Amino acid sequence: MLQVKKLVKSFDGFLAVNGAELTVGKGQIVAVIGPNGAGKTTLFNLITGHLVPSQGTIEFKERDITGLSPHKICHMGISRSFQLINIFPKLTVFENVQVSILSRKRKILNMFSPTKKMMVEETYRILGKVGLADKAHSLSTSLSYGDQKILEMAIALGNEPELLLLDEPTAGMSPEETASTIKLIKELASSEGLTILFTEHDLDVVFGIAEKIMVMQQGRTIAQGLPADIKSDKLVQAAYLGEEC
Ligand SMILES: Nc1ncnc2c1ncn2[C@@H]1O[C@H](COP(=O)(O)OP(=O)(O)OP(=O)(O)O)[C@@H](O)[C@H]1O
Ligand SMILES: [Mg+2]
């Protein structure tokens, strides 16, 4: 589904991503891990078109998407949530998701198609999936931090993606919120047939859900493979996991 080859991103000569390699198969849940500043978010920004690579290629479903605009990449079926929350603060939970669905369908709004009636069923279906239906008419900013992160995921789902990128989906969440988010990610992957790529610092979360792990250090991919192989990889242990494994 996704193939990243020899990807490089330079910021005025500083190589934030420096030869990243990543292969994601259809339906897989894949984690990208690595210390702060390893280049994980930059890699996500390159995949979604928010940044243009300096070198290398990105293929999505065997099509070269390197350097395409975020808008084009989104319409091809890649959605994301951000490391920092990115929702419309003045809209309700319901409206946030509805806007995302409308934008995918490129509906032209006019007086004969009142916005409020459009995509109601689909919006509720998504809110139901993520467990926010009972908060549909709350202002998005009135949600708890954890629920705002879930809302971001719901907004991303409004685009009906095939590949969903989640940048630190459980960061800042309570242990209970983290546990339910892990459950949700697993459920979404199976019920929606989604392929999921996520970054995460909490290794319990990573080893709890990832079917494959890619490890970055200083912009480079130092390993990728099955969780068991990553755990026993000497290079990974030395570089990142320390004594923990
Ligand atoms: N727009 C930018 N201009 C200059 N340097 C940048 C820019 N964006 C990121 N960097 C640098 O690139 C490196 C990689 O940053 P990035 O945010 O991708 O790391 P990360 O692995 O996501 O870290 P974290 O785990 O803290 O989220 C860092 O040293 C960062 O300071
Ligand atoms: Mg980051």
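All values reported here derive from a predicted model rather than from experimental measurement.

What counts and what doesn't
Residues numbered from 1 in each chain as written. Chains lettered and ligands numbered in written order. Predicted model: local features only at pLDDT ≥ 70, side-chain atom pairs only at ≥ 80, totals over all residues. Heavy atoms only, no water. Domains from an automatic or database assignment. Contact = heavy atoms within 4.5 Å. Buried area = accessible area lost by both parts, 1.4 Å probe. Salt bridge = Lys/Arg side-chain N within 4 Å of Asp/Glu carboxyl O. Polar contact = N/O pair within 3.5 Å; in protein donor to acceptor, adjacent residues only side chain to side chain. Helix = DSSP H or I, 4+ residues; strand = E, 2+ residues; numbered from the N terminus. Nonpolar A, V, L, I, M, F, W, Y, C, P; charged D, E, K, R; others polar. Pairing = 2+ DSSP bridges. Axes fitted to C-alpha atoms, helices over the stretch in contact; angles between N-to-C directions. Expected span 1.5 Å × (residues − 1). Buried < 20%, exposed > 50% of the residue type's maximum accessible area, 1.4 Å probe, protein only.

A.B. asks: Which parts of the structure should I look at to understand the domain arrangement of the chain?
C.D. replies: Interface size is commonly expressed as the accessible surface area that is lost when the partners come together. You can read the domains of the chain as domain 1 (1–77 + 162–245) and domain 2 (87–160). Centre-to-centre separation of domain 1 and domain 2, based on C-alpha positions: 26 Å. Contacts between domain 1 and domain 2 engage 20 residues on the former and 16 residues on the latter. Contact with domain 2 buries surface across domain 1, with His-75, Leu-184 and Glu-192 losing the most and accounting together for 32% of the total. For Lys-129, the salt bridge goes to Glu-192, with nearest N and O atoms at 3.5 Å. Remark: the boundary between domain 1 and domain 2 carries five residue pairs in polar contact (both at pLDDT 80 or more). Those elements that place two or more of their residues in the side of domain 1 that touches domain 2 are helix 2 (70–76), strand 7 (163–167) and helix 6 (175–191). The element that contributes the greatest number of residues to the side of domain 1 that touches domain 2 is helix 6, accounting for six residues. Partitioning the side of domain 1 that touches domain 2 into residue classes produces 10 nonpolar, five polar and five charged.

A.B. asks: How do you make sense of the sheet that holds strand 6 (residues 78–81) when you look at a structure like this?
C.D. replies: The strands making up a sheet associate through hydrogen bonds between their backbones, and the pairing can be parallel or antiparallel. Ordered in space as 6-7-8-3-9-10, the six strands form an open sheet in which the pairing is mixed. One side of each edge strand has no neighbouring strand; the edge strands of this open sheet are strand 6 and strand 10 (220–225). Within the sheet, the average angular offset between the axes of one strand and its neighbour, ignoring direction, is 15°. Bridge count for strand 6 against strand 7 is four bridges, and the pairing is parallel. Directly across from Arg-80, in strand 7, lies its bridge partner Leu-165. Sheet strands in contact with helix 5 (residues 145–157) are strand 6 and strand 7, and its direction is about 155° off that of strand 7.

A.B. asks: What am I meant to see in helix 5 here?
C.D. replies: For the α-helix, the turn length of 3.6 residues means that residues three or four positions removed from each other point alike. For helix 5, built from 13 residues, the straight-helix expectation of 18 Å at 1.5 Å per residue is met to within 8% by its first-to-last C-alpha distance of 19 Å. In terms of residue burial, helix 5 counts as a mostly covered element, since 12 of its 13 residues are buried. Within the span of helix 5, buried status applies to Gly-146, Asp-147, Gln-148, Lys-149, Ile-150, Leu-151, Glu-152, Met-153, Ala-154, Ile-155, Ala-156 and Leu-157. Packed against the buried residues of helix 5 are strand 6, helix 3 (93–105), helix 4 (120–130), strand 7 and helix 6.

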